[in-house]
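Understanding the architecture of this molecule
One letter stands for each residue in the lines below.
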Amino acid sequence: MNQHDAQKMANLLRHDGWARADGAEAADLVVIHTCSIREKAEHKLYSELGRVLGRKREEPGLLVGVGGCVAQQEGEALLRRFPALDFVFGPQNLVHLAELARGARARVRGLRVDYDDDPQVRFELPELHPEFAGTSPGRAWVTVMEGCDLFCAYCVVPRTRGREVSRASAKILAEVERLAAGGVSEVTLLGQTVNAYGRPRPGMAAGEIAFAELLRRIAAVSGIRRIRFTSPHPAFVGDDLIAAYGELEALCPHLHLPVQSGSDRVLGAMNRRYDRKGYLETVARLRAARPGLALTTDLIVGFPTETDADFAETLSLMDEVGFTDSFSFKYSERPGTPAARRGLGELAPELAQARLEELQARQRALTLAAHAARVGERVEVLVDGQPGHERRQRSGRDPQNRLVNFRAGPDASAGRYVQVHVEGYTPHSLLGAQIGLQG
Ligand code: 5AD
Ligand code: SF4
């Protein structure tokens, strides 16, 4: 989502007459895009900002802005703490970036961290500038909702990204149609809790559709061959979404379904709104609807009060599901979250680190097993941007979202689909050769 936001920022500026600089050192305007999901991500802002504002001492004409979740969280405090900083804007105010940059040129410092009265305003962004089209041929991200109303105990997102807002479905479909007409065949729908799309919320237009129906309508757009989305919340995987996996061929057989923990006690303390049994049932029903569905997940270790027994439940859940891959993190206390307000603290860092390493070793084994099981298969790959170093070496993604490195034929250009025979694997990718080129 942040990558997509960065693309939106660059695009807005491009449309307002700015051009891409040859690296940050050569830029007249530097916008630092920030994340506050864990403390480490937030620290990155301060080191980067120190560097950039140091440069501004030598080059007073340099303009500097900070966007993203740390900007939202810190707001005016950032402007006070860094007098040379020109502007600060939160994620809901991305759409106002060009205006802020114009203000900065006129020496007006800017702060945009309040909500627009009309929550749909944030979605009103210009089309991708022709200069930026073609960075990832054939593929595009599409924002369908933003914000989150779920308040998981550890998570800062509801504070930084604000309340859940679904984008008008007609606008989404118009964007997908435009993209498809321009040669995009794979869309990835984005939202904090993407499958909460369309659930009744204040300020929402009447007659809006549910997520599964949105998927159906997107699948019906001519030229769309692959639909992905991230990230869904397990509590909103309902009958209609499960049925969609059985019905929609374009819906890729991969689901990133964050579970966070395998222990019911921890899931309860996290306020996740499902338990282990419920999650496993959802997985079983999805796999019944779509045999071969690959599952990946997010996991947190060291949530306050997590015991060895709780952690063992997470490991056993990983085995039970057989996740193809996962992102795993040590719990990091974030300001203003329910867990921080409860004063739960953090576990001893060595203990959390040891658990993280054990979990990641378990995941490596599961990933290798999942890759090994694919050897001999024929897979369809959407070819990525850059050719590899070696001649005729290309890469792309299969329907299950695995990276595939393969020996390619002359027709394997970026944005095309090719058939690949899987011959081997590494911990991070499948290896193969385009059909017709084996041996
Ligand atoms: N500490 C550690 N990990 C976190 N995540 C979210 N908040 C925290 C936190 N405070 C993780 C969750 C989420 C992913 C995007 O980041 O696993 O799914
Ligand atoms: Fe954060 Fe939970 Fe919302 Fe995901 S569902 S963004 S983890 S509060």
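The following paragraphs examine the structure supplied in this document. (Residues numbered from 1 in each chain as written. Chains lettered and ligands numbered in written order. Predicted model: local features only at pLDDT ≥ 70, side-chain atom pairs only at ≥ 80, totals over all residues. Heavy atoms only, no water.)

1. Quick word on the packing of aromatic side chains
Defined as follows: When two rings of Phe, Tyr or Trp (its six-membered ring) have centres within 6.5 Å they constitute a pair, described as stacked for plane angles under 30 degrees, edge-to-face for angles over 60, and tilted for the intermediate range. A simple rule labels every residue: compare its accessible area, found with a 1.4 Å probe on the protein chains alone, to the largest value its type can have, and call it buried under 20%, exposed over 50%, or partly exposed in between. Consider the ring centre and the ring normal. A charge sits over the ring if Lys NZ or Arg CZ is within 6 Å of that centre and within 35 degrees of that normal.
Applying the stated criterion to the full structure yields seven aromatic pairs. When the centroid spacing of 6.0 Å and the interplanar angle of 40° are considered together, the rings of Phe-87 and Phe-89 count as tilted. For the pair shown, Phe-87 and Phe-89 are each scored as buried. Each member of the aromatic cluster is reached from another via a ring pair, and the members are Tyr-154, Phe-303 and Tyr-331. Positioned above the aromatic ring of Phe-329, the side-chain terminus of Arg-38 is 3.6 Å from the ring centre. Its end group placed over the ring of Phe-123, Arg-122 keeps NZ or CZ at 6.0 Å from the ring centre.

2. Some thoughts on the side chain of Arg-290
Threshold: Helix and strand labels come from DSSP, where a helix needs a run of H or I of at least four residues and a strand needs a run of E of at least two; each type is numbered from the N terminus. Counting of polar contacts relies on pairs of N or O atoms within 3.5 Å, with two restrictions inside protein: one atom must be capable of donating a hydrogen and the other of accepting it, and residues adjacent in sequence are counted only when both atoms are side-chain atoms. Here a residue-residue contact requires only that any non-hydrogen atoms of the pair lie within 4.5 Å.
Note that Arg-290 resides in the loop between α11 (276-289) and β11 (294-301). At 2.9 Å, the side chain of Arg-290 forms a polar contact with the backbone oxygen of Leu-251. Not counting residues up to four positions away in its chain, the partners in contact with Arg-290 are Tyr-245, Leu-248, Glu-249, Leu-251, Cys-252 and Pro-253.

3. Looking at helix α9 (residues 239-247)
Rules: Here, the arc refers to the directions that run from the helix axis to the C-beta atoms.
Of all the positions in α9, only Leu-241, Ile-242, Ala-244 and Tyr-245 are classed as buried. When α9 is viewed along its axis, its buried side chains cluster within an angular range of 150° and face the same direction. Facing away from the buried side of α9 by more than 90 degrees, the exposed set consists of Asp-239, Gly-246 and Glu-247. Check the buried side of α9 and you find it contacts α8 (211-219), β9 (226-230), β10 (254-256) and α11.

4. Re the environment of Asn-401
Along the polypeptide, Asn-401 turns up in the loop between β14 (393-397) and β15 (403-407). Measuring from C-alpha to C-alpha, the distance between Asn-401 and Ala-294 comes to 8.5 Å, with 107 residues separating the pair along the chain. The contacts of Asn-401, once residues within four sequence positions are left out, are Arg-228 and His-254.

5. Topic: empty space enclosed by the protein
Definition in use: Only protein atoms enter the calculation, which uses a 1 Å grid: trapped sets of points that fit a 1.4 Å probe without letting it out are cavities, open sets showing protein on both sides within 12 Å along at least five of seven lines are pockets, and any residue with an atom within 4 Å of a point is a lining residue. Grid points are joined across faces, edges and corners, and a volume is the space filled by probe spheres set on the points. The nonpolar class holds Ala, Val, Leu, Ile, Met, Phe, Trp, Tyr, Cys and Pro. Asp, Glu, Lys and Arg form the charged class, and all remaining residues, Gly among them, are polar.
Taken as a whole, this structure holds two cavities of 30 Å³ or more when the rule is applied. Its boundaries defined by the atoms lining it, the largest cavity holds a volume of some 50 Å³. Among the residues forming the lining of the largest cavity, the class breakdown is four nonpolar, three polar and two charged. The calculated volume of the second largest cavity comes to roughly 40 Å³. In the lining of the second largest cavity, the residues fall into four nonpolar, no polar and four charged.

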